[in-house]
Amino acid sequence: MVYATLAGAILAEVLGTTAMKYSDGFTRLWPSLGTTAGYLVAFFLLAQTLKTMSVGTAYAIWAGLGTAAVAAIGMVFIGEAVTATKIIGLLLVIAGVVVLNLGGAH
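Residues numbered from 1 in each chain as written. Predicted model: local features only at pLDDT ≥ 70, side-chain atom pairs only at ≥ 80, totals over all residues. Heavy atoms only, no water.

Caption draft 1: Structural context of helix H1 (residues 2-22). For H1, built from 21 residues, the straight-helix expectation of 30 Å at 1.5 Å per residue is met to within 8% by its first-to-last C-alpha distance of 31 Å. All buried positions along H1 are accounted for by Thr 5, Leu 6, Ala 9, Ile 10, Ala 12, Glu 13, Val 14, Gly 16, Thr 17, Thr 18 and Ala 19. (Helix = DSSP H or I, 4+ residues; strand = E, 2+ residues; numbered from the N terminus. Expected span 1.5 Å × (residues − 1). Buried < 20%, exposed > 50% of the residue type's maximum accessible area, 1.4 Å probe, protein only.)

Below you can see the structure in the form of structure tokens.
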């Protein structure tokens with residue numbers, strides 16, 4: 001269950017960050033509200049996750065997978081450049097999350 005809660009936190013953060021891209025510096029109402037809602041849900045779910053998972057493990061997974069997902073969304077849906085360097089960087093972020101997670105989620 002803790003990983004499902006963490007996955008929800010990651011999804012909410014990714015949606016909030018993506019909405020922020022479209023908020024035009026918080027000058028557009030609906031994307032701005034989407035950003036706020038996304039981050040409120042993300043932090044609430046992350047806080048629930050931290051009740052049973054170590055902060056280092058939870059944050060590594062949350063930050064790493066969130067970063068990788070937002071970068072991938074940028075390249076696939078927003079038209080940001082896809083380069084070998086970015087792909088290698090994304091793979092390294094994911095590998096880092098896996099290595100840190102090998103220490104356990106306690």
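Structure's up, so let's keep going.
Caption draft 2: Structural detail: the environment of Ala 63. The residue Ala 63 is located in helix H3 (residues 55-77) in this model. In this structure, the C-alpha to C-alpha distance between Ala 63 and Thr 5, residues 58 residues apart in sequence, is 14 Å.

Caption draft 3: Representation of the environment of Ile 94 within the structure. Mapped onto the secondary structure, Ile 94 falls in helix H4 (residues 84-101). For Ile 94, a relative accessible area of 37% translates into the label partly exposed. Distance in space between the C-alpha atoms of Ile 94 and Ala 68 is 7.2 Å, their sequence separation being 26 residues. Ignoring any residue separated from it by four or fewer positions in sequence, one finds Ile 94 in contact with Leu 65 and Ala 68. (Contact = heavy atoms within 4.5 Å.)

Caption draft 4: Local environment of the confidence of the model for the protein. Taken residue by residue, the protein gives an average pLDDT of 93. The fraction at 70 or more is 97%. When mean pLDDT is compared element by element in the protein, helix H2 (residues 29-49) scores highest at 98, while H4 scores lowest at 89. (pLDDT = per-residue confidence, 0-100.)

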